[in-house]
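Next come the chains, spelled out residue by residue.
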Amino acid sequence: MLFSDYMHEWLYGENGYYGSYHPIGKKGDFYTAVSTSKFFGGSIAQHIIKRIDEGFLSSNALICEIGAHHGYLLADIIEFLYTLRPELLKSLRFGIIERFDTLQAQQKSYFKESFGDVIALEHYHDVSEVNTSCAFFLANEIFDAFSCELFYKGKIGRVQEGKVLFDVESPEASEHALKYKKDRGEIAVGYEDFAKSMSISVPKFEFMSFDYGELEARSDFSIRVYQEHKVFPLFDEDLQLQKAFATTDITYDVNFAHVREAFESHGMTCVQYSTQLVALVEMGILDLLSTLKEKASDEIYIQELEKVKVLITPSLMGERFKMIRFIKE
């Protein structure tokens, strides 16, 4: 089985890792920006308001998260929109693109518990189902969850009896590797189809995504498995693939040059690529903290400040994670 098919089954198969709910944070296998601080969503809420005020987004646009897991990020955005511009909750639409019915049920339950009947949450199994004139799409750590081929000196990998063997010819993979000047590493599968589907579905939108990786492809393997906050490189002798399969999260560093090319080839414009630190500061995360300091106790302010530091400190998430933003109009 080609590694891309193996990874797809690992994450999205009938019993795949993403097919059922897994906690994120201290009790889970890994942390995300969403599980670190609500101010991550608050910053995005401020950006949405700005884009409405600038006239790019309409006041009745669809705010839609792709791959929302529990739904925390979209809920955080809604909470901050209510605080900053409450009238927008009467006009904006809110949706989640989630392929698994089990996770849709979790998300519906969480939104019902959080907002009652105030928010009419829309669900879609795929971006191609979205039918609206204007949307703001967002995603957190989505591109590292696309299946990938493993490439090594002209051959791609397949999995046999828990081992990765590099013995399959692939002219397409070799061409890709030559373009990005790498003789080994991951080659993501599906970026182009995803970009095409988004471009076709909505005539005008902005898409913002956060992930870890670099603009230049690295000529090395970054693919790894996360289990209870422990990291195992895929080729680690201590990692048993057959035991890790579908019970752990598997991921790799994103080649943002590949992401950008995939979206630009389908008519979208990349308007920003930056570190998470720069993106969140530009979207006003420090302004939100200043407002909190004026209205909350010192104890609460210090607690939130420490969480935000994790998001923007260069040695933590600030430099490692990147934000990329596209528009179509």
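Described in the following lines is the structure provided in the data block. (Residues numbered from 1 in each chain as written. Predicted model: local features only at pLDDT ≥ 70, side-chain atom pairs only at ≥ 80, totals over all residues. Heavy atoms only, no water.)

## Here we look at the nonpolar core
Moving on, step 1. One finds Phe-3, Phe-137, Phe-143, Phe-194, Phe-207 and Phe-263 to be the most contacted residues of the largest nonpolar core, which totals 53 residues.
Moving on, step 2. The dominant element in this core, judged by the number of residues it contributes, is helix H1 (residues 3-12), at 6 residues.
Moving on, step 3. Leave out the neighbours within four places in its chain, and Phe-143 touches Tyr-191, Phe-194, Phe-207, Ser-209, Asp-211, Tyr-252, Val-254, Val-259 and Phe-263.
Moving on, step 4. Within the second largest apolar cluster, 52 residues are counted, among which are Leu-74, Ile-96, Phe-210 and Ile-312. (Core = buried A, V, L, I, M, F, W, Y, C linked by side-chain atoms within 4.5 Å. Buried < 20%, exposed > 50% of the residue type's maximum accessible area, 1.4 Å probe, protein only. Helix = DSSP H or I, 4+ residues; strand = E, 2+ residues; numbered from the N terminus. Contact = heavy atoms within 4.5 Å.)

## Digging into helix H9 (residues 256-264)
Moving on, step 1. Of all the positions in H9, only Phe-256, Ala-257, His-258, Val-259, Ala-262 and Phe-263 are classed as buried.
Moving on, step 2. Capping the start of H9, Asn-255 holds a side-chain oxygen 3.1 Å from the backbone nitrogen of Ala-257, two or three residues further along. (Polar contact = N/O pair within 3.5 Å; in protein donor to acceptor, adjacent residues only side chain to side chain.)

## Focus on the pattern of salt bridges
Moving on, step 1. Using the criterion set out here, one finds 18 salt bridges in the structure.
Moving on, step 2. The salt bridge involving Lys-38 is made with Asp-76; its shortest N-O contact spans 2.8 Å. Here Asp-76 lies in helix H4 (residues 72-84) and Lys-38 lies in the loop between helix H2 (33-36) and helix H3 (39-54), a separation of 38 residues in the sequence.
Moving on, step 3. The buried category is assigned to Asp-76, whose relative accessible area is 3%.
Moving on, step 4. Notably, a salt bridge pairs Arg-320 with Asp-253, separated by 3.0 Å at the nearest N-O pair. Taken together, the positions of Arg-320 in the loop between helix H13 (314-318) and strand S15 (321-328) and Asp-253 in the loop between strand S12 (249-251) and strand S13 (254-255) put the pair 67 residues apart, joining distant regions of the chain.
Moving on, step 5. Here the residues in one salt-bridge network are Lys-50, Arg-51, Glu-54, Glu-206 and Arg-325, joined through shared partners. (Salt bridge = Lys/Arg side-chain N within 4 Å of Asp/Glu carboxyl O.)

## Some remarks on the side chain of His-123
Moving on, step 1. Here His-123 shows up in strand S3 (residues 121-124).
Moving on, step 2. Residue classification places His-123 among the buried residues on the basis of a relative accessible area of 18%.
Moving on, step 3. At a separation of 2.7 Å, a polar atom in the side chain of His-123 contacts the side chain of Gln-107.
Moving on, step 4. Those residues in contact with His-123, other than ones at most four positions away along the chain, are Ile-96, Glu-98, Gln-104, Gln-107 and Lys-108.

## Things to note about the sheet that holds S12
Moving on, step 1. Across the sheet, which stays open at both edges, the 3 strands sit in the order S11-S10-S12 with antiparallel pairing between neighbours. Lying at the two open borders of the sheet, with one neighbouring strand each, are strand S11 (230-233) and S12. Averaged over all neighbouring strand pairs, the angle between strand axes comes to 25 degrees, with direction disregarded.
Moving on, step 2. Both strand S10 (residues 224-227) and S12 contribute to a ladder of 3 bridges, which runs antiparallel. Counted as the bridge partner of Tyr-226 is Asp-249 from S12.
Moving on, step 3. Of the strands in this sheet, S10 and S12 touch H1, which is tilted by about 145 degrees from S12. (Pairing = 2+ DSSP bridges. Axes fitted to C-alpha atoms, helices over the stretch in contact; angles between N-to-C directions.)

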